[in-house]
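Here are the chains, one letter per residue:
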Amino acid sequence: MSSGLVMLLTAVIVRTYNEAIQAAENVATKDPLTGALNRRTLIENIELESERVTRYGQTCSIIMIDLDNFKTLNDKLGHGIGDEMLVNFVKLVQQYTRKNDKLFRLGGDEFMLLIPGMDARTAETFIARIQNLVPSQLSVDSVALGMSFGVCEVTADTAIEQLLELADQALYQNKAKRKEQKI
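Reading the values: rules and limits
Each chain carries its own residue numbering, running from 1 in the direction its sequence is written. Confidence filtering applies because this is a predicted model: local features only for residues at pLDDT of at least 70, side-chain atom pairs given and counted only at 80 or more, and all residues used for totals across whole chains, interfaces and linings. As a rule here, side-chain values cover all heavy atoms of the structure and leave hydrogens and water aside. The convention used is that axes are lines fitted to C-alpha atoms, helices contributing only their stretch in contact, and that angles between N-to-C directions extend from 0 to 180 degrees. Where helices and strands are cited, they refer to DSSP runs of H or I of at least four residues and of E of at least two residues respectively, numbered from the N terminus. Orientation labels follow simple angle bins: below 35 degrees gives roughly parallel, above 145 gives roughly antiparallel, 65 to 115 gives roughly perpendicular, and whatever is left gives oblique. Two helices that cross are described as forming a left-handed crossing if the nearer one is turned anticlockwise from the farther one by less than a right angle, and a right-handed crossing if clockwise. Every residue pair with non-hydrogen atoms within 4.5 Å of one another is taken to be in contact. Put simply, two rings from Phe, Tyr or Trp (the six-membered ring, in Trp's case) pair if the centres are within 6.5 Å, and we call them stacked under 30 degrees between planes, edge-to-face over 60, tilted for the rest. Each residue's exposure class comes from its accessible area (1.4 Å probe, protein chains only) as a fraction of the maximum for that residue type: buried when under 20%, exposed when over 50%, partly exposed otherwise. A strand pair is defined by DSSP finding two or more bridges across the two strands.

Novice: Explain the packing of helix H4 (residues 79-96) against helix H5 (residues 120-137) here, please?
Specialist: Each pair of packed helices can be summarised by the angle the axes make with each other and by the distance between the axes. The interhelical angle for the contact between H4 and H5, taken along N-to-C directions, is 140 degrees, at an axis separation of 11 Å. On the basis of their axis angle, the class for H4 and H5 is oblique. Our pair here, H4 against H5, has a crossing hand that is right-handed. Facing Phe89, Leu92, Val93 and Tyr96 of H4, the residues of H5 in contact are Phe126, Ile130, Leu133, Val134 and Gln137.

Novice: Teacher, can you tell me more about the packing of aromatic side chains here?
Specialist: To describe a pair of aromatic rings, you give the distance between the ring centres and the angle between the ring planes. Enumeration according to the criterion identifies one aromatic pair in this entry. Ring geometry for phenylalanine 89 against phenylalanine 111: centres 5.0 Å apart, planes inclined by 50 degrees, an arrangement best described as tilted. With a gap of 22 residues between them, phenylalanine 89 in helix H4 and phenylalanine 111 in strand S4 (residues 110-116) connect regions that are remote in the sequence. The two residues phenylalanine 89 and phenylalanine 111 agree in class, both being buried.

Novice: Looking at this structure, I do not really get the sheet that holds S4. What am I missing?
Specialist: Think of a sheet as strands paired side by side through backbone hydrogen bonds, with each pair either parallel or antiparallel. The strand order S1-S3-S4-S2-S7 describes an open sheet built from five strands, whose pairing is mixed. On the outer flanks of this sheet lie strand S1 (37-38) and strand S7 (146-153), each paired with one strand and no other. Two elements, strand S3 (residues 102-107) and S4, share five bridges in a ladder whose sense is antiparallel. Across the sheet, the residue bridging to phenylalanine 104 is methionine 112, located in S4. Packing of H4 onto the sheet brings it into contact with strand S2 (60-68), S3, S4 and S7, and relative to S4 it is tilted by some 10 degrees. Most of the contacts of H5 go to S7, to which it runs at about 170 degrees, and overall it touches S2, S4 and S7.

As structure tokens, then:
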């Protein structure tokens, strides 16, 4: 009887230990509000995809995302509603992405999507569909969020920092183009 009790206690200890490790990994890699991956894991994941692009000739794109009107939403309706919209945005993106696509929250209302196996042109078409859904899916009272994005294809000979800068530049071009169209 005592060996059975020892086995049971051991099983409970091992399960508790594994749950604690999983919880620690989540805290270290995920944004606590939205559940998206955090900035800390971004570079590591881009480096892994860059290695795949280099070694196997695969394609991969990164998409920098910024939510438009987010400051207005926070100012008019409060940060609680803003937080709710961020959570809903992540859920919306996750509905349309594949399991191996990864969404990172960079901070505030800025995100990055890493899409293995997708070239820049296809990634632009893909993210434009989500961009069109955002205002209808993420609106409260008189404030509807919008979404601007910048796409950059991961290439074998481009440094990670340069890829991020290119995606950021493309984001600002998209944002400027969207503002021009509203005028």
